[in-house]
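Chain by chain, the residues run as shown.
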Amino acid sequence: MDGLPEGVTVGSSGHLCVAGCDVVDLAERYGTPLYLLNEGVFRQNCSRYRSAFLQYPGEARVAYAGKALLTQAVAAMVGQEGLYLDVVSAGEIFAAERVSFPSERLVFHGNNKSQEEIAYALRVGVGCLVVDNFDEIALLTDTLRALGVRQRVLVRVAPGIEAHTHDYIQTGGLETKFGFDFDSGQAGEAVRQCVASGVLDVVGLHAHIGSQLLETRALPPLVERMLDLVRDVWSGALPVPWELNLGGGPGIRYRSEDPPPPEQFARTITAAVVEGCHRRGLPLPTIWVEPGRSIVGQAGVAVYRVGSQKRVPGLRPFVAVDGGMGDNIRPALYGAEYRAVVANRMYDEATETVRVVGRYCESGDFLVQDAELPEVRAGDLLALFSTGAYQYPMASNYNRVPRPCFLLLGEGRAHVMVERESLEDLCRLEHVPPHLRRLRVEA
Ligand code: LLP
């Protein structure tokens, strides 16, 4: 079978294998739905990003965006690979802390960080904090003055650059909730306020224009805008080396997309920065990037078991699996498309187009609208590729369905990274107030 993602093969029995593990065996042993992460592919993508920037004459740092998928095991791998880690909540910082991820390699983001989260981040000693808005500058300044400490920060800019991707994952345009507006001069004002605070060491700028970008066209104009801002705002007082963080965003193949490889993103960014700095007489910055999806997306495979079907003459059949929008909201939310295969009969030819739907009580609960599959039977296993990024972290307990088990696979071995939730887990944080503890029907 051609076109399988990296690390995915077909065994002699026609079973799908991920990282050398037979998916049918894994499903028997751990149940379904089952999420799989290929450790080798994840690590290879980390090192690919590191190498991609070696041609840059200055320093470059790669921060893995934890929002794409962060478990303690993932944080540990990121740490071992020598990457930085982009975190957006106390929960993400906590996971990193639990595996002794070096706090100076944490970059803390967010458009509405709470006072408690800021205090926690400062206590942990995050290496860099990305300031998002004027309220945050005030909050940070007060907190730092009270503690008598300083903090390295980047100022996040909304650069007014549209990226070509789904509206919900665009972040660089003018109408975004993230960052300081460029055109109105607020970004420059933010840098001045940070400098004036006396406790914020503002070392540079940050921008992230969107996610699942399938082209690099928007990057050179983005770099130009950021360099203009640096030249105009700092005028001579620029810290050296200063830092330019261009966010994440490189897209991956879900079905037929053909995104440029990380190397091309790196080349485009590097060339624009070197050329733009030279033209303006600016020193070269330390470049940061924050890829999430393009590191973890294709390292993931989701496995479901087929249950019931609905077949009506003239209608595309509905094939229901034991997961759906609870573990993968992306099709319903963004119209995301996935490739599905029958994991226990990989050599069977596709004979029909079906809708793969979930088990949740909602019509919007579908995983694939037009999957080309052999005729499936109850008990067959369906695998969806490219499910490493933004599925599990966005999962819910809708309909009180427990979240799936997540395995880390490497060299033919499986490790449980997250256990399947139990029905008890779903009740663990609930309380029944005393007056409701006896079921009684009033006459
Ligand atoms: N840096 C910042 C500031 C971000 O906001 C994001 C993603 C990233 C880096 C990483 O972007 P990536 O390289 O993964 O594209 N839930 C959506 C994606 C939301 C992205 C949010 N921010 C999805 O499922 O497509």
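Residues numbered from 1 in each chain as written. Predicted model: local features only at pLDDT ≥ 70, side-chain atom pairs only at ≥ 80, totals over all residues. Heavy atoms only, no water.

So, about the overall build of the protein. For the protein, the helix and strand inventory stands at twelve helices and 21 strands. Computed over C-alpha atoms, the radius of gyration of the protein comes to 24 Å, within 12% of the 22 Å expected from 2.2 N^0.38 for 443 residues, which places it in the range of a compact globule. Principal-axis analysis of the C-alpha atoms gives the protein an extent of 70 × 65 × 40 Å. Split into buried and exposed, the 443 residues of the protein put 55% on the buried side. Taking the intrachain contacts of the protein between residues at least 6 apart in sequence as the baseline, contacts between residues at least 24 apart amount to 70%. For the protein, the accessible area works out to roughly 19700 Å², and carbon and sulfur atoms hold 50% of it. Treating the 43 positive side-chain charges of the protein as one cloud and the 54 negative ones as another, the clouds have centres 2 Å apart. (Helix = DSSP H or I, 4+ residues; strand = E, 2+ residues; numbered from the N terminus. Rg over C-alpha atoms; globule rule 2.2 N^0.38 Å. Buried < 20%, exposed > 50% of the residue type's maximum accessible area, 1.4 Å probe, protein only. Contact = heavy atoms within 4.5 Å. Areas by Shrake-Rupley, 256 points an atom, 1.4 Å probe, with all protein chains shown as cover. Lys, Arg positive; Asp, Glu negative; His and termini not counted. Charge placed at Lys NZ, Arg CZ, Asp CG, Glu CD.)

Right, let's talk about helix α9 (residues 262-280) for a bit. In a regular helix each residue adds 1.5 Å, so 19 residues correspond to 27 Å; α9 covers 27 Å between its end C-alpha atoms and thus fits that length. Turning to α9, its buried residues are Pro262, Phe265, Ala266, Thr268, Ile269, Thr270, Ala272, Val273, Gly276, Cys277 and Arg280. Where α9 is buried, its residues contact α2 (39-52), α8 (219-234), β12 (243-245) and β13 (286-289). Positive backbone phi, at 70 degrees, marks Gly281, one or two positions downstream of α9. (Expected span 1.5 Å × (residues − 1).)

With the rule as written, the count across this model stands at eight aromatic pairs. With a centroid separation of 4.9 Å and an interplanar angle of 75 degrees, the aromatic rings of Tyr84 and Trp288 are classed as edge-to-face. Remark: Trp288 occurs in strand β13 and Tyr84 occurs in strand β6 (residues 84-87); sequence separation between them is 204 residues. Take Tyr84: its relative accessible area is 16%, and that puts it in the buried class. Relative to Phe406, the ring of Tyr392 has its centre 5.0 Å away and its plane inclined at 65 degrees; by these criteria the two rings are edge-to-face. In this pair, Tyr392 is assigned in the loop between β19 (381-385) and β20 (405-410) and Phe406 in strand β20, connecting sequence segments 14 residues apart. Overall, the relative accessible area of 13% leaves Tyr392 in the buried class. You can call Phe406 buried: its relative accessible area is 1%. It is Lys113 that lies over the ring of Phe108; its NZ or CZ is 5.7 Å from the centre. Taking the ring centre of Tyr360 as reference, the NZ or CZ of Arg359 above it sits at 5.8 Å. (Phe/Tyr/Trp six-rings, centres within 6.5 Å; stacked < 30°, edge-to-face > 60°. Lys NZ or Arg CZ within 6 Å of the ring centre and 35° of its normal.)

Here the focus is the domain arrangement of the protein. Each domain of the protein was delimited in the assignment, giving domain 1 (8-38 + 297-427) and domain 2 (109-291). With centres defined by C-alpha atoms, the gap from domain 1 to domain 2 works out at 36 Å. Taken residue by residue, the interface counts twelve residues in domain 1 and eight residues in domain 2. Surface buried jointly by domain 1 and domain 2 totals about 960 Å² across both partners, of which 54% is contributed by carbon and sulfur atoms. Here domain 1 and domain 2 share three residue pairs in polar contact (both at pLDDT 80 or more) between them. Looking at the side of domain 1 that touches domain 2, the elements that each hand over two or more residues are α11 (330-334) and β18 (366-373). Counting residues per element, the side of domain 1 that touches domain 2 draws most heavily on α11, at three residues. Here the side of domain 1 that touches domain 2 is composed, by residue class, of five nonpolar, three polar and four charged. (Domains from an automatic or database assignment. Buried area = accessible area lost by both parts, 1.4 Å probe. Polar contact = N/O pair within 3.5 Å; in protein donor to acceptor, adjacent residues only side chain to side chain. Nonpolar A, V, L, I, M, F, W, Y, C, P; charged D, E, K, R; others polar.)

Strand order in this open sheet of three strands is β1-β2-β3, and the pairing throughout is antiparallel. Each edge of the open sheet is held by one strand with a lone partner, namely β1 (8-10) and β3 (21-22). (Pairing = 2+ DSSP bridges.)

Here we come to the site of the ligand. The environment of the ligand is made up of 20 residues, and the closest members are Ser211, Glu290, Arg330, Tyr334 and Tyr390. Between the ligand and Tyr390 there is a distance of 2.7 Å, counted from an oxygen atom to a side-chain nitrogen or oxygen. Alone, the ligand offers 590 Å² of accessible surface; in the complex the protein occludes 91% of this. Split by domain, the shell around the ligand shows at least three residues from each of two domains, domain 1 (8-38 + 297-427) and domain 2 (109-291). (Near = heavy atom within 4 Å.)

The next point concerns the nonpolar core. Counting residues in each nonpolar core, the largest one holds 108 residues, and the members touching the most others are Leu37, Phe42, Tyr64, Val74, Leu85 and Leu205. With nine residues, α8 is the largest single contributor of residues to this core. Domain assignment of the residues forming this core places at least three in each of domain 1 (8-38 + 297-427) and domain 2 (109-291). The residues touching Val74, leaving out its near neighbours within four places in the chain, are Leu37, Phe42, Tyr64, Leu69 and Met417. Val8, Leu26, Leu381 and Ala383 belong to the second largest nonpolar core, which has 23 residues in total. (Core = buried A, V, L, I, M, F, W, Y, C linked by side-chain atoms within 4.5 Å.)

Right, let's talk about α8 for a bit. Spanning 16 residues, α8 covers 22 Å between terminal C-alpha atoms, matching the ideal 22 Å at 1.5 Å per step. Residues of α8 that are buried include every one of Leu219, Leu222, Val223, Met226, Leu227, Leu229, Val230, Val233 and Trp234, and no others. Buried positions in α8, seen along its axis, are confined to an arc of 155 degrees and lie on one side of it. Directly beyond the C-terminal end of α8, a positive phi value near 25 degrees is found at Ser235. (Arc of directions from axis to C-beta.)

On to the packing of helix α5 (residues 115-124) against helix α6 (residues 134-147), then. The interhelical angle for the contact between α5 and α6, taken along N-to-C directions, is 50 degrees, at an axis separation of 11 Å. Considered as vectors, α5 and α6 are oriented oblique to each other. Taken as a pair, α5 and α6 cross one another with a handedness that is right-handed. From α5, Gln115, Ile118 and Leu122 reach across to α6, where they touch Glu136, Leu139, Leu140, Thr143, Leu144 and Leu147. Of the residues that constitute the contact of α5 with α6, the class distribution is six nonpolar, two polar and one charged. (Axes fitted to C-alpha atoms, helices over the stretch in contact; angles between N-to-C directions. Parallel < 35°, antiparallel > 145°, perpendicular 65-115°, else oblique. Left-handed = near helix turned anticlockwise from the far one by under 90°.)

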